[in-house]
Amino acid sequence: MIGSLVATAFWAMVPAYVPNNAAVLAGGGRPIDGGRSVGGRRLLGDGKTWRGTIGGGAAGVLLAIGLNVLQSPVATLVGVDLPLFQPLRGAVGLALGAMVGDVVASFLKRRTGRERGTSFPGLDQLDFVIGGLALAALFAPDWFLATFTPPRLVVVLVATPVLHVGTNALAYLAGLKNEPY
Ligand code: CTP
Ligand code: MG
C-alpha cells in the first residue's frame, strides 16, 4: 500500500528530479542574465545559463518519453499501476518548471546577498518541486489532478527534501560535488 504510493509518486516526479542534475552537465556559455547586475549584484549569476536550462529541461522530457515505454513492463513486474506521461505536456511542465524554480531561487539568493554556489536551506530542497508541480498543473490540469492525488503530493513534498539532502551528501562524499548541499 505505502510502497505503491511512494513508487507512483516518485515515478511521476522523475521528469522534475532529473533536469537540475542534467543542467550541471549541459551548462556553460551565455548566462541568462547576460551578465547584468542590479544594485551591485548579479541578477542570476553565471551558474544559470541558457544551455543548462534548455538541456536540463530537454533531459527531463526525454526521460518521461523513456518512462512511458517502460511503464507497462515495469508496472507488470512490480504489480503497481504506474502513471503515464500522457499528454506529454504535463512532463514538459514538470521539467521546465523544475528549471524555472531553480532560476527563481537564484534570483532570490542574489537579492538576499548570497553569492553563487551558496546554500539557501529550504529553498534549495523545494524550488524545483514547487516549480515543476506549478507548471505541470498549468500545462496539463486534468493530468495533474489525476496523477498528483493529495496522498502522492504529501509524499512528494515530504520525501523530496530528505532524498535531496541525502543524495547531495553522498555525491559530496564520492567527490562528485564541491559542497555537501
Ligand atoms: N546550470 C546551468 N543553468 C541552469 C542551472 C545550472 O548552466 N539553469 C549549471 C551551471 O554550470 C551551474 C551548475 O549547473 O554552475 C550547478 O547548478 P546550481 O547549483 O543550480 O548553480 P550554482 O552555480 O550553485 O549557482 P546559484 O548559486 O545561482 O544556484
Ligand atoms: Mg549550487
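Preceding this paragraph is the structure being described.
What comes next is a walk through the structure. (Residues numbered from 1 in each chain as written. Chains lettered and ligands numbered in written order. Predicted model: local features only at pLDDT ≥ 70, side-chain atom pairs only at ≥ 80, totals over all residues. Heavy atoms only, no water.)

1. Describing the site of ligand 1
The test is simple: Neighbouring residues are identified by heavy atoms, a residue being near a molecule or strand if any of them is within 4 Å of it. Two N or O atoms form a polar contact when they lie within 3.5 Å of each other; inside protein one atom must be a possible hydrogen donor and the other a possible acceptor, and for residues adjacent in sequence the pair counts only when both atoms belong to side chains. Secondary structure elements follow DSSP: runs of H or I of four or more residues count as helices, runs of E of two or more count as strands, with numbering from the N terminus. When residue character is reported, Ala, Val, Leu, Ile, Met, Phe, Trp, Tyr, Cys and Pro are called nonpolar, Asp, Glu, Lys and Arg charged, and the others, Gly included, polar.
Residues in close proximity to ligand 1 total 17 residues, the closest being Lys48, Thr49, Ser106, Arg110 and Gly117. A distance of 3.0 Å separates a nitrogen atom of ligand 1 from a polar atom in the backbone of glycine 47. In this structure, an oxygen atom belonging to ligand 1 sits 2.8 Å away from a side-chain N or O atom of arginine 110. Elements represented by at least two residues in the shell around ligand 1 include exactly α2 (19-26), α3 (50-78) and α4 (89-111). In terms of residues, the shell around ligand 1 owes the most to one element, α4, which gives five residues. Partitioning the shell around ligand 1 into residue classes produces four nonpolar, eight polar and five charged.

2. Looking at the side chain of aspartate 33
Selection rule: For every residue, the accessible area (1.4 Å probe, protein chains only) is compared with the maximum for its type, and the residue is labelled buried under 20%, exposed over 50%, or partly exposed between those bounds. In what follows, a contact means two residues having at least one pair of non-hydrogen atoms within 4.5 Å.
Along the polypeptide, aspartate 33 turns up in the loop between α2 and β1 (37-38). Classification of aspartate 33 as buried rests on a relative accessible area of 3%. Polar contacts involving the side chain of aspartate 33 include one to the main-chain amide nitrogen of glycine 35, which spans 2.8 Å. Within the structure, aspartate 33 has its side chain in polar contact with the backbone nitrogen of leucine 44 (distance 2.9 Å). Setting aside anything within four residues of it in sequence, one finds aspartate 33 in contact with Arg42, Leu43, Leu44 and Gly45.

3. A look at the pattern of salt bridges
Going by this rule: Criterion for a salt bridge: a side-chain nitrogen of Lys or Arg within 4 Å of a carboxyl oxygen of Asp or Glu.
Following the criterion strictly, the structure yields five salt bridges and no others. Note that aspartate 124 is salt-bridged to lysine 109, the shortest N-O span being 2.9 Å. Taken together, the positions of aspartate 124 in helix α5 (residues 123-139) and lysine 109 in helix α4 put the pair 15 residues apart, joining distant regions of the chain. Lysine 109 sits in the buried class, given a relative accessible area of 11%. One salt-bridge network, in which partners are shared between bridges, spans Asp33, Arg42 and Asp46.

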